[in-house]
Amino acid sequence: MKKKILKNKKIESVLKGSIAEEMGIQPGDELIRINHQDFENIIDYIFLISDEYLEIEIKKKDDSIEIYEIEKDFDEDLGIVFENPTIDPIKQCRNKCIFCFVDQLPSNMRKTLYVKDDDFRLSFLQGNFITFTNLTERDIDQIIQYRLSPIHVSIHTTDPELRVKMLQNKTAGNILAQLTKLSAAGIQMNGQIVLCPNINDKEHLEKTIQDLSGLYPNLKSVAIVPVGLTKYRENLYPLKPFDQTSAYETIKQIEVWQNRFLKKWNTRFVFLSDEFYILANQEIPPYEFYESFLQLENGVGLIAKFEKEFFDSLHHAEPKSFVQRSVSIVTGKSAYAFMKRLCREIEKKFPHITIHVFFIKNDYFGETITVSGLLTGKDIINQLKGKELGDELIIPACMLKSDEPVFLDDVHIYEMQKALNVSVVVSQVDGKDFIDKVLG
């Protein structure tokens, strides 16, 4: 008996100023059909609403049915947000990756942090990286049919046996064939490699880059990030982190490829995350090095981009007043020296401003986790309690949920304000916004 797939076409919200709002469509309504056609998932929906004339069938909250006739531009969205972003159930991850960060979380965090999606639709819509291990032939055909680009792929290695071992999934070995099929159809992709010392680095990394270079230009870029290891690794595969020497060796290995690709294609193609340069105690490459910044979500070029935004804005910045002002900022160990240097530049230009820079040790996940985005509210509170923090405490937005001022450990920003007796201000990960927040 074929299992029935439950579809949730309920509307969660309607965007302001949108066609849906103008037509009187409301949250809680349900979208039934478009131009007399049913639709299975969000990709079908996007395809169907691309027509310039639509007849949409809406089931209202009182179970009545209303038909709306809509004339619009070809690429104009309706402004409907569904309760389930994919409409049908999200495809869950079937892997048991030896480096999986979710498997290294403590047991007392909010439930959503333990959800591991591996859905090609979220890769297209939200930029999530997927492994392809649960892609069916129909899924691949749908990506090609609807021209879904770019797709973001967690590759890790192109060696079939090694990829099966790393992902702990017997279907993981055919990644190169899958990528080749999509590339041949003109689908644009970005790749990601989580690099584990003595597992998929060195000669394995050489082979992977060589294989992937054959997919350029449809594989637009490859990001390499160091494996992140928390202190919660009991009974997990034994892995070790990168250190200064191994990070430096990786930088030198990748530089050879980057120079080769730059000469051949006018792009470096493969990029290391900023963390490698920090671990190796090497200068972060300049802004121009990162070309189109295709892999910011992997921490590739984030520091160079922030620094350029910062100095471009500092040149034109003017405070609202020259009254003495004192603020504090928090950061992870990785960015501490960088942020301290930038703050000294602000103080040089504006002597009436004092900035205290605090690096927060990650007691929650362990000291090997040094990035700002994985700091928790409790660690910040515990390490800043009793300190003179000035007029405001500035934190980066990457520490919080995207839609709520809550840290990874569910500490609310208002709890932090109360515990530290200071106003907490959120700065976007943007050099200009950071200066604006410091200047008040």
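Whatever comes next refers back to the structure up there.
Only a predicted model underlies this, so the values are computations on that prediction, with no experimental measurement involved.

Reading guide: rules and limits
- Residues numbered from 1 in each chain as written.
- Predicted model: local features only at pLDDT ≥ 70, side-chain atom pairs only at ≥ 80, totals over all residues.
- Heavy atoms only, no water.
- Helix = DSSP H or I, 4+ residues; strand = E, 2+ residues; numbered from the N terminus.
- Rg over C-alpha atoms; globule rule 2.2 N^0.38 Å.
- Contact = heavy atoms within 4.5 Å.
- Areas by Shrake-Rupley, 256 points an atom, 1.4 Å probe, with all protein chains shown as cover.
- Patch = residues over 30% accessible without salt bridge, like charges linked within 9 Å, V, L, I, M, F, W, Y side chains within 5 Å.
- Salt bridge = Lys/Arg side-chain N within 4 Å of Asp/Glu carboxyl O.
- Lys, Arg positive; Asp, Glu negative; His and termini not counted.
- Charge placed at Lys NZ, Arg CZ, Asp CG, Glu CD.
- Buried < 20%, exposed > 50% of the residue type's maximum accessible area, 1.4 Å probe, protein only.
- Polar contact = N/O pair within 3.5 Å; in protein donor to acceptor, adjacent residues only side chain to side chain.
- Expected span 1.5 Å × (residues − 1).
- Pairing = 2+ DSSP bridges.
- Axes fitted to C-alpha atoms, helices over the stretch in contact; angles between N-to-C directions.
- Parallel < 35°, antiparallel > 145°, perpendicular 65-115°, else oblique.

Colleague: Please clarify how the overall build of the chain should be interpreted in this entry.
Modeller: Check the secondary structure of the chain and you find 14 helices and 14 strands. Against the compact-globule benchmark of 22 Å for 440 residues, the chain has a radius of gyration of 24 Å, which places it among compact chains. Overall, the C-alpha framework of the chain stretches about 65 × 55 × 45 Å when taken along its three principal axes. Across the chain, contacts joining residues at least 24 apart in sequence account for 69% of those joining residues at least 6 apart. In the form shown here, the chain has an accessible surface area of approximately 21,800 Å², with 51% of it arising from carbon and sulfur atoms.

Colleague: Just to check I follow, could you spell out a negative patch on the surface for this structure?
Modeller: On the surface, a cluster of negative charge is made up of Asp 51, Glu 52, Asp 73, Asp 75, Glu 76 and Asp 77. Inspection of the secondary structure puts Asp 75 in the loop between strand 4 (65-71) and strand 5 (80-82). When its relative accessible area of 69% is taken as the criterion, Asp 75 is described as exposed.

Colleague: I would appreciate a short explanation of the environment of Leu 393 in the present structure.
Modeller: On the secondary structure map, Leu 393 appears in strand 13 (residues 392-396). The class of Leu 393 is buried, set by a relative accessible area of 0%. Taking the C-alpha atoms as reference, Leu 393 lies 6.0 Å from Val 327; in sequence the two are 66 residues apart. Excluding residues that lie within four positions of it along the chain, Leu 393 makes contacts with Ser 328, Ile 329, Val 330, Leu 384, Met 416, Leu 420, Val 422, Ser 423, Val 424 and Val 425.

Colleague: What should I look at first to understand the side chain of Asn 95 in this one?
Modeller: Tracing the backbone shows Asn 95 in the loop between strand 5 and helix 3 (120-126). Looking at Asn 95, its side chain comes within polar contact range of the side chain of Thr 131, at 3.0 Å. Dropping the residues within four chain positions of it, Asn 95 is found in contact with Lys 116, Asp 118, Thr 131, Thr 133, Leu 167 and Asn 169.

Colleague: When you look at the pattern of salt bridges in this model, what are you seeing that I'm missing?
Modeller: Pairing between side chains of opposite charge can happen when their charged atoms approach one another. Per the counting criterion, the structure on display carries 25 salt bridges. Taking the shortest distance from any N to any O, the salt bridge between Glu 57 and Arg 33 comes out at 3.1 Å. With Glu 57 in strand 3 (residues 53-59) and Arg 33 in strand 2 (residues 30-34), this residue pair connects regions lying 24 residues apart in the sequence. For the salt bridge of Arg 121 with Asp 119, the shortest nitrogen-to-oxygen distance reads 2.6 Å. As far as the burial class goes, Arg 121 and Asp 119 line up, both buried.

Colleague: It is not clear to me how helix 11 (residues 336-349) should be interpreted in this structure. Could you clarify?
Modeller: Three or four residues apart is the spacing at which side chains of an α-helix point the same way, because the helix has 3.6 residues per turn. End to end, helix 11 covers 20 Å across 14 residues, agreeing with the expected 20 Å (1.5 Å per residue, within 8%). Taken residue by residue, helix 11 has Phe 338, Met 339, Leu 342, Cys 343, Ile 346 and Glu 347 as its buried positions.

Colleague: In this structure, what is going on with the sheet that holds strand 3? I would like to understand it.
Modeller: Consider a sheet: its strands pair through backbone hydrogen bonds, and that pairing is either parallel or antiparallel. Pairing is antiparallel across the open sheet formed by 3 strands, whose spatial order is 2-3-4. Strand pairing shows two members of the sheet lacking a second neighbour, strand 2 and strand 4, which therefore form its edges. If you compare each strand with its neighbour and ignore which way they point, the axes differ by 30 degrees on average.

Colleague: How should the packing of helix 10 (residues 302-316) against helix 14 (residues 431-439) be read in this particular structure?
Modeller: Working note: a packed helix pair is described by the angle between its axes plus the distance between those axes. Running from N to C, helix 10 and helix 14 cross one another at 50 degrees; their axes reach a closest spacing of 7 Å. Classified by the angle between their axes, helix 10 and helix 14 sit oblique to one another. Contact residues: helix 10 offers Phe 306, Glu 309, Phe 310, Ser 313 and Leu 314, while helix 14 offers Gly 431, Lys 432, Phe 434 and Ile 435.

Colleague: What is the right way to look at the side chain of His 412 in this model?
Modeller: Topologically, His 412 is positioned in the loop between strand 13 and helix 13 (413-420). Its relative accessible area of 19% is what places His 412 among the buried residues. A polar contact is formed between the side chain of His 412 and the backbone nitrogen of Tyr 414, at a distance of 3.1 Å. Beyond its immediate stretch of four places on either side in the chain, His 412 contacts Pro 405 and Val 406.

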